[in-house]
Number of protein chains: 2
Amino acid sequence: MNPDLFNRNCGSRKVIDRIGDRWSVLVVLALADGDKRYGELAERVDGISQKMLTQTLRGLERDGLVTRTVHATVPPRVDYALTDLGRSVLDLVAGLEDWATTHLAEVEAARARYDAR
Amino acid sequence: MNPDLFNRNCGSRKVIDRIGDRWSVLVVLALADGDKRYGELAERVDGISQKMLTQTLRGLERDGLVTRTVHATVPPRVDYALTDLGRSVLDLVAGLEDWATTHLAEVEAARARYDAR
DNA sequence: CTGAATCCGGCTGGATACTG
DNA sequence: CAGTATCCAGCCGGATTCAG
């Protein structure tokens, strides 16, 4: 247990905040099975806007989780891929995904119970 | 891999959104080592406002991750504790914490590199 | 096709004051 | 002590437009 995590100025807190981003998790998962083009990601992650996709990818690139490769072709082609660091976080995020699907029914039951009170 | 996760209307997406909440992760971690009173949580999770703490606890309670026990004493006392479901997600969240502390240096180095360009 | 830039409505979340 | 209520600034994020 790292007590500093609860300190708002601690670096690990900032990392948690980044992972806690609602889109980052989904984008990382979308890159799980290999490189993806910008358009493929936009199609895959339902509901994300262009702005948020670009912003999320920039953030992930900045944190060293994703690489961005521009091919000087016409039409332009940009590939995004997970780095080693990105793949290491993928393991955790995939765990979240498993948890979500496994316990979905329990959570929904709890919600229904709570709302019915 | 569950493809539906990327669908905005899928239930598992909603679960991910909840876990992805920036405060939920911290509150769950704060409850890792046993019951906590409202005030203890407020003190522990640095930077959270009363409003957000209450709101986060309600959300976690609704999802069945946390129990809320009111003691009819003067002064009033309210204890929060993880449910079995909450403890199951704690394992994952603790993994995030480990990752954050382990790879913090790499992430910060990547950020510095990116910002220096 | 892959973005950057801008505008702007809405919701998040902080500060404050009040209640049981 | 443990909230609730209210107000409101700020930022998130969507839609649109423009550029390379």
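Residues numbered from 1 in each chain as written. Chains lettered and ligands numbered in written order. Predicted model: local features only at pLDDT ≥ 70, side-chain atom pairs only at ≥ 80, totals over all residues. Heavy atoms only, no water.

Draft legend 1. Local environment of the protein's contact with DNA strand D. By nearness alone, 17 residues border DNA strand D, and A:S49, A:K51, B:G39, B:R68 and B:Y80 come closest of all. Close to the protein, within 4 Å, the atoms of DNA strand D belong to sugar or phosphate groups at a rate of 67%. Contacts to DNA strand D include A:K51, whose side-chain N or O atom sits 2.6 Å from a base oxygen. Here B:R37 contributes a side-chain N or O atom positioned 3.0 Å from a phosphate oxygen of DNA strand D. Taken together, the elements giving at least two residues each to the surface near DNA strand D come down to helix 4 (50-62) of chain A together with helix 3 (38-44), helix 4 (50-62) and strand 3 (77-82) of chain B. Top contributing element to the surface near DNA strand D by residue count: helix 4 of chain B, with 4 residues. For the surface near DNA strand D, the per-class residue count stands at 7 nonpolar, 4 polar and 6 charged. (Near = heavy atom within 4 Å. Polar contact = N/O pair within 3.5 Å; in protein donor to acceptor, adjacent residues only side chain to side chain. Helix = DSSP H or I, 4+ residues; strand = E, 2+ residues; numbered from the N terminus. Nonpolar A, V, L, I, M, F, W, Y, C, P; charged D, E, K, R; others polar.)

Draft legend 2. Examining the interface of chain A and chain B more closely. Tallying the contact residues gives 54 residues for chain A and 54 residues for chain B. Buried surface at the junction of chain A and chain B, summed over both partners, amounts to about 5100 Å²; 65% is from carbon and sulfur atoms. For B:D115, the salt bridge identified is with A:R62, shortest N-O distance 2.4 Å. Counting across the interface, chain A meets chain B through 10 residue pairs in polar contact (both at pLDDT 80 or more). (Contact = heavy atoms within 4.5 Å. Buried area = accessible area lost by both parts, 1.4 Å probe. Salt bridge = Lys/Arg side-chain N within 4 Å of Asp/Glu carboxyl O.)

Draft legend 3. Broad picture of the relation of the copies chain A and chain B. At an RMSD of 0.1 Å, chain A and chain B line up after a rotation of 180 degrees and a shift of 0.0 Å along the axis. Taken together, the rotation and translation relating the two chain copies correspond to the operation of a two-fold axis. Among all residues of chain A, the one whose C-alpha sits closest to the rotation axis is A:G20, at a distance of 2.2 Å. In this assembly the copies share their binding face: 100% of the residues contributing to the interface of chain A also contribute to that of chain B. (Least-squares fit on C-alpha atoms with pLDDT ≥ 70 in both.)

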